[in-house]
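Structural characterization, general
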Amino acid sequence: MMKKVFALTLALCLLIACVPAMADGGTYTVFYSGEVSTLNYLVTATTWDQAMAANVVDTLVEYDNLGNVIPCLAETWENSEDGLTWTFHLRQGVKWYNCFGDEVAEVTANDFVAAMKYILTPEYDSAVAKQVFSSGVVNAEAYYNGEVTDFAEVGVKAEDDYTLVYTLADPVPYFLSATTYVTFMPAYGPQLEELGKDFGLDNQSLYFNGAYILETFEPQSEHLLVKNQNYWDAEHVYIEKINRLYNAESATLSPTAALRGEVDSASLDNDVLDDWLANHPELVTKTRSDLQYSYFYCFNFNPQYEEEYGPANWLIAVNNKNFRYSLMAAMDRVYSLTAEDAENPASLLENVITPPAFSAVDGVDFINLDAFANTTSYFYDESDPEGSAAKALAYKEAAVAELTAAGATFPVNVVLTYKTNDSNWAGQVQLIKDQMEGLLGTDYINVVLYAGPADSFLSATRRSGKYSIMRCNWGADYADPETWTDPFAAGNNYNFMDQMLETDNAETVADLNTYYAMVEEAKAEKADLNKRYNLFAAAEAYLIENAFILPYRTEMADYQVTKLDVFEGEYAPFGLCNQRYKFMHLHENFVTAEENAASFAAWQAALAE
Amino acid sequence: MLKYLLKRFARSLFTLFLILTIVFILVRQMPIEGYFSNFDKMTETQIQNGLEQMGLTQPMWKQLLNFYTRLLHGDLGTSRVYYRGKPVWDILRTKLPLSVQLGSLAILFSMLVGLPMGTLMAKYKGRFPDQLGTVFIVLIQAVPAAVYYLFIQLYGTELLSIKLRFDEGNWISWILPVFSLSLGNIAYYAMWLRRYMVDESNKDYVTLARIKGAGEGRIMFRHIFRNAFVPMAQYLPTSFLNTVIGSIYIESIWSIKGMGGLLVDVIHKQDNEMILGIVLIFSCVGILGLMLGDLLMTLFDPRISFTKKAGEV
Amino acid sequence: MGLIKHPQVERLEQHVTEALKEDLSQEQLFAFAPFDEEEAERAGVVNYSYWRSTIRAFRRNWIAMALLLVLALVLLFTFIQPMLPGQFTPTEISNGPNGLPLKNQSADSVHWLGTNAIGQDLWSRVWAGTRNSLIIGISVALLEALVGILMGVLWGYVRQLDFLFTELYNIIDNIPTTIVLILVSFILRPGMGTIIFAMSITGWIGMARFVRNQVLIIRDRDYNVASRTLGTSTARIILRNLLPYLVSVIMLRMALSIPGAIGSEVFITYIGLGLPIEICSLGNLINEGRKLMMSPSLRYQLIYPTIILSIVTISFYIIGNAFSDAADPKNHL
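These lines cover the structure that appears in this document, whether it is placed above or below.

Digging into the pattern of salt bridges
All names here are of chain A. According to the stated counting rule, one finds 28 salt bridges over all chains in the structure shown. Across the salt bridge formed by Lys-563 and Asp-264, the nearest N and O atoms sit 3.1 Å from each other. Placement of the pair is Lys-563 in the loop between strand E22 (559–562) and helix H18 (593–608) and Asp-264 in the loop between helix H8 (250–259) and strand E13 (265–268), with a sequence separation of 299 residues. The exposure classification of Lys-563 matches that of Asp-264, with both residues buried.

What about a negative patch on the surface?
Residue and element names in this part refer to chain A. Together, Asp-381, Glu-382, Asp-384 and Glu-386 line one region of the surface with negative charge. One can find Glu-382 in the loop between strand E17 (364–365) and helix H13 (385–406). Residue Glu-382 is classed as partly exposed on the basis of its relative accessible area of 36%.

Observations regarding helix H9 (residues 192–219) of chain C
Residues and elements named next belong to chain C. Given a rise of 1.5 Å per residue, 28 residues ought to cover 40 Å, and the 39 Å separating the end C-alpha atoms of H9 matches this to within 8%. At Ile-201, H9 shows its maximal kink, close to 35°. The element H9 is extensively covered by neighbouring structure, given that 24 of its 28 residues are classed as buried.

A few points about the packing of helix H4 (residues 50–59) of chain C against helix H13 (residues 300–327) of chain C
Residues and elements named next belong to chain C. Running from N to C, H4 and H13 point in directions that differ by 135°, and their axes come no closer than 8 Å. Considering their axes alone, H4 and H13 lie oblique with respect to each other. Relative to H13, H4 is oriented so that their crossing is right-handed. Listed contacts from H13 to Tyr-50, Trp-51, Thr-54, Ala-57 and Phe-58 of H4 are Ile-319, Ala-322, Phe-323, Ala-326 and Ala-327. In the contact of H4 with H13, the residues fall into nine nonpolar, one polar and no charged.

Overview of unusual backbone geometry
Residue and element names in this part refer to chain A. Here the residue pair Phe-410 and Pro-411 is connected by a cis peptide bond, since its omega of -5° sits within 30 degrees of zero. Inspection of the secondary structure puts Pro-411 in the loop between H13 and strand E18 (412–419). In this model, Phe-583 sits at a positive phi of 75°, which is unusual for a non-glycine residue. On the secondary structure map, Phe-583 appears in the loop between E22 and H18. Owing to a relative accessible area of 16%, Phe-583 belongs among the buried residues under this scheme.

Focus on the interface of chain C and chain A
The partner chain A presents 33 residues to the 32 residues of chain C that form the contact. A combined buried area of about 2,700 Å² lies between chain C and chain A, and 57% of that area is made up of carbon and sulfur atoms. Of the charged contacts in the structure, one is a salt bridge between A:Asp274 and C:Lys103, with a shortest N-O distance of 2.8 Å. On the surface where chain C and chain A come into contact, there are seven residue pairs in polar contact (both at pLDDT 80 or more). If one sorts the elements of the side of chain C that touches chain A by residue count, helix H8 (residues 177–187) of chain C sits on top with three residues. Across the side of chain C that touches chain A, the residue classes tally to 16 nonpolar, ten polar and six charged.

Section: the nonpolar core
Counting residues in each nonpolar core, the largest one holds 334 residues, and the members touching the most others are A:Tyr41, A:Phe88, A:Tyr166, A:Trp314 and A:Phe323. Broken down by element, this core gets its largest block of residues, 16 residues, from helix H11 (residues 234–270) of chain C. Setting aside chain neighbours within four positions, we find A:Tyr41 in contact with A:Ala53, A:Val57, A:Trp96, A:Val182, A:Met185, A:Pro186, A:Ala187, A:Phe199 and A:Leu206. Core analysis: the next-biggest nonpolar cluster, separate from the first, contains 16 residues, A:Leu245, A:Ala257, A:Ala258 and A:Leu283 among them.

Considerations on the sheet that holds strand E1 (residues 27–32) of chain A
Residue and element names in this part refer to chain A. With respect to topology, four strands assemble into an open sheet ordered E1-E12-E11-E10, the strand pairing being mixed. Pairing within the sheet leaves two strands with one partner each, and these edge strands are E1 and strand E10 (212–218). Adjacent strand axes in the sheet meet at a mean angle of 15° when their direction is disregarded. Relative to strand E12 (residues 241–246), E1 is paired through six bridges, and the arrangement is parallel.

Calculation rules
Residues numbered from 1 in each chain as written. Chains lettered and ligands numbered in written order. Predicted model: local features only at pLDDT ≥ 70, side-chain atom pairs only at ≥ 80, totals over all residues. Heavy atoms only, no water. Salt bridge = Lys/Arg side-chain N within 4 Å of Asp/Glu carboxyl O. Helix = DSSP H or I, 4+ residues; strand = E, 2+ residues; numbered from the N terminus. Buried < 20%, exposed > 50% of the residue type's maximum accessible area, 1.4 Å probe, protein only. Patch = residues over 30% accessible without salt bridge, like charges linked within 9 Å, V, L, I, M, F, W, Y side chains within 5 Å. Areas by Shrake-Rupley, 256 points an atom, 1.4 Å probe, with all protein chains shown as cover. Lys, Arg positive; Asp, Glu negative; His and termini not counted. Charge placed at Lys NZ, Arg CZ, Asp CG, Glu CD. Expected span 1.5 Å × (residues − 1). Bend = angle between axes of the 7 residues up to and from the residue. Axes fitted to C-alpha atoms, helices over the stretch in contact; angles between N-to-C directions. Parallel < 35°, antiparallel > 145°, perpendicular 65-115°, else oblique. Left-handed = near helix turned anticlockwise from the far one by under 90°. Contact = heavy atoms within 4.5 Å. Nonpolar A, V, L, I, M, F, W, Y, C, P; charged D, E, K, R; others polar. Buried area = accessible area lost by both parts, 1.4 Å probe. Polar contact = N/O pair within 3.5 Å; in protein donor to acceptor, adjacent residues only side chain to side chain. Core = buried A, V, L, I, M, F, W, Y, C linked by side-chain atoms within 4.5 Å. Pairing = 2+ DSSP bridges.

By themselves, these are just geometric observations and shouldn't be taken as functional.
Structural data, given as C-alpha cells:
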C-alpha cells in the first residue's frame, strides 16, 4: 500500500514537472507607482484608471488572445443594411455586485443608456466625451453642447431589458471596436442617478460586473482585486486575487522585490537590463507589444522658440523638400533606438505611421499595402551605411544650393526637444545629435537639445511650437486607419503644417493640398472597406514620401520578469481589453525566457492561421 | 509676556493669511495642461467647461473669497486628482499621525544620540572621540541621502529579513526608516552642539568657573551646555518640520503613507485644494515653530528679550 | 580645555615668572624702571591683525591645509582635464565595433572609468559634473551669504525691521519650494543660471535667519550696550562689534552651504526639475547612478560621482570647521 502511494506521488510529481507549474487560485502581487486617480470610469482617460475599470466592468464585446472579437456582455449583435443601426442582444442573468460581493441588480440595456447619458452631461466633466462624438452616435455632440435637450433624441436606446440599439449619423466601419472603450461601458443606472458627481469616489460607490471585484481600494497604499465567484465566465478567470501595492520607487525596487519573492512581476528598465541579462538571463522576458500607439518625428512648420535659435531660418529650411529629405535620410533610427531597447533596437522600428496589425486588407497587414512599397527608400538604411550617407549628402548638396538662394544661413539650428525627466528620451536625442551632426556635418546643421519641463510638457513644447523636429506620439481613438490622420488634420498642434496653406511656399502648398484631398477621398469611402483602407494607405505614404513625417517606432515591448504568460491575455488593436487579467494563468515560478519564446512562437503561428 | 505672545499670535494669523493668499495666486499661474489628463484630445469647449467646473474661470478675488469663506467654515475642500472627490482633511487626517510619529521618533532618537555625541566631542576636542565623531558627521554629510537611504533599505531588510515595504503593524519594520531619518539629524545636532560648546568653553565665565574650582562636569553641563544649547533650542521646532517634510525619500522607498512626498506629489498633479490644505498645515506648524523657538530661546537664556526696547538693560 | 597660547604671550609669562624669581633688594624694588623699548615689545601684542592671526591659526591645522590643497587641485583639475590628451568630451558618444553605442562598458584603457548607458565617457562626465556642481555650489553660497548676511544683520539688529523680516521669512519659508521651482522651470529655460537663481531665491532667507539669531544672542551683551551708550553709530557697531564675532559661524555655515547646494541639486534632479542633459552635474550623475543601485555590475556608475561628491563635501566641511576655529579671536592669543 505504502509503495503504491509513493509511486503515485512520484508519478504525479513527474507530471507536474513536465508542464510549467501553475499557481492558479493564488495571489498575483505587484508594486505600482502610477496611482488610479478615480474609479469613475465614465470620466477618465488615464491608462491606470482604465486598467482598473477593464478588470471590474465588462464591455459589450471583447477580444481573444489572437485579436478576434468575441461575445462578452452582448451574446449576439447585428448591423443594419445601411450601417447606421447596431443592435446588441445582451446576455441574461449577469448581475451587478458591490465591493463585498453582494448581488445588487441585473445588468440591463438601461445601464448602457444611463452611462452614456452620464458621459454626455457636461456637468460631470467627462474626459472621454469627445470619443463618443467620434464614434458617430446620433446627436451625442449636440446633446453635450446643449443644442438637443431631450436625451431620447440621442442615438442610444434600450428596446427592452436585453436589447440595446445604437443609431449612428454616418456608417462607422470601426463601431464594434469602439464599444470596447470606457465610453460604451455600462453603469448601474439608479446608482448614477443617486450619486451623480460622487459616482466612483471609492470602491463602495460603484458596482462591479466584471471578472474581479475591487475589495480594497486605498490610494497610495493598496488595491486588492478578488475574483468574482459568480462571474458569468468564471471558468476563464484563473487568478484568484490581484494585490497591487503602492511604491513610489517601484521601478527601482521591483526587480529586487521580485528576486526576493515579494512580487510576481517587475518591469526591467533599460538601466538594470544589462545586469539582469548578465546574471539572470533565463528570467528576462518581454511584454507583448501594444498596438495602440505610434511614435514619429514631426518637422515643425510653426517654430516658436527663442530668437537665438533662429526660428525664421528654420522656417525657410523646413519648406525645402531636399532639406527635409536630407534629415530624413541622415537619421540612423536603429542607432538612436538603442537608448530605448539596447538589446534589440531594430524590433521597435516602424516605417509607417500606423502600427502593425492595426488593420488589414484581405489578410494583408495595413503596413504592408502596396502604397508603402517605396517609403523605405527615403530612410537611412543601417545595413548600408555608406550608401545611406551618400544619399543624405546628395540631398544636402541640393538643399544647400536651393536654401542659399532662398536666403537661409548655415548651419541651420535644429531644435530637438525632449522631456527632461525621461532618461530614455534624453539618451535618444543625444545619440541623434551625435550621429546626425557626424553624418551631415556641423557646417550644415547644429542640433540644439532643448529640454522641456517635466510638468505640463506638451504645452511647453509641441503645442506651443517649441521645436524643429520632435518625437511625437498618437494613440488610436478607434480601430480604423482614419484615426492616424487626425494629428495632421487642419488646425492640429502637432506639426502645424496646415498653416503653410496660407503662405506663398508654392511647393509645400501643392503637396499639402494633394495630401488633404487624398484624406478627404478616403474618409468619404464608407461602403468598400478594402478600398477605404487602400486610400488611407496612399495618403499616409504620400505624407511620408514628401518628408512631412518621419515614422519612428511602435510602442515598446518592455523587458520584464513575470509569472504570467503574456500571450494568453486579450489582444486588441483598440480599447481596454488588453489590460484584462482574464484568460491568464499564474505560474508557480517566473516564466523563463525559453517558455516565453515558445509561447511567442505558438502565438505567432496561431495568428498566422 | 502674555501681551507679547497675544500680539505675536495675532500677527501669525496675518502671516498665515499672506502665505495662503500668495500660494493661492501662485498655483493659479500653473499651466492649464496640468489640470487635465487628456488635454491633447480635448476640444476648446471641453477645456473651458472643465476649467469652469473647477471654478478657475472666475475672477481671482472671487476665487479667493470663496476659498476663505469655505476655510472659515472649516472646509479644506476636496481633492481633485490625488484621491478624486475625497475631502482634503480626510486624506490628511490619516497621514498626519503616521508622519508625526515617524518624525517624533526620529527627532527623539537623534537628540538622544546627537546631543551626547556633540558634548563628548566638545569635551574631548581634538582627541579620539572627537575624531571618531567627526568621521561620522563627515560621512553623513558627504554621502548623498538618496544613496545611503537606498543602501540601508537594501541591506537592512536582508539583515532583519523583513519586507521591502514598510508595515505599520510590525515594529521591526519601523527600525530602519526611523534610523535612516535620524542619521542626518544626529550629525546636524552633534556638529552644531560641538561648535557652540567649543565657542562657549573659551569664554571668560568658563575660566572663572574653573578658577573658582567648579568640577569639570559641572562646568560642562551647568555652564557650557546650557549656553551652547540656546541657539540649538531655537531650531528644534523647525527641525521637526523639516524632518517630516524631508522624509520624501524615505516615505517613497518604503511606501510609507505619510506626508513626506505628498506636497511634491500634489504639486506635480496640480491638485490645488490639496496643495493649499498641506501648505496651511505646514505653515501653521512652521509659524508656531518659530514662535516656540523664540520662546525656548528666552527660556534658556534670560538675557535675550523680545519685549524690552533697545538700550534697556 | 587648554587654550592655544600665542607665542608672545608665552614669552611674556616666562619673563614675569623669571622676574618674580629674581631676588631683589629694597632699593632695586622701588627704583623707577626706565622705559625699555625691547621690554615693551615683549608685553604688548601691538601689531595684532585679525586676519593675519586667523590665517596663522588656520595654517597650523595640517589636515585642513591638506584638504584645502586637495580641493584646489580638484578645482584646478576640472579645468585642466579637458585639455589632457586622449580625453572625450562629456557628451561625446563612443561606438562599439558593431557601430552601436558602446554602453555600460566597464573601465579600460580608453574609458578610464567606463561608459554610461548610452556610451558616454564616465571619466570626463565626472569631471565636467564636478566643475559644474562646484560652480553652482559656490555661486549659490556666495549669493546666499551676501544677501543673507546683509539682511540677517539688519533683521537682528534693527528692531523696527524685525516685524517685516519675520513676516518675509515666514512667507518664503512656508511657500513650498517645489511650487517655486516648477514655476521657474516653466517660465525660464532649464540651465545653470536658472538653477542657481531658483536655489538662491529662497535660500538666502535661511542664512539671514541664522545670522539674525546670532545677532540677537549678542546684541544686548554688555560691550554692545556700552558702545551704544557711548554713541557709536549702528553701522560701526555692526561692522566692528558684531560681524567679527560672527565670522567663525558664518564661515562654517558657508562652507557647508556649498556642498548643501550641490546636494539640493541632487534633490531637484530627483523630483524632475534639474539641469538639461547637455550640462552634466554630480546631481544628474548620481540620480542616473541611483537607478543602478540594485545592479552590482553597474554600480560603478553611482560610486565614482559619489566619491567625488564625498571628497568635495568632506573638504569643505573640515576646512570650514578649521577656519571657523581659526577665525575665533579667542583662539588667537
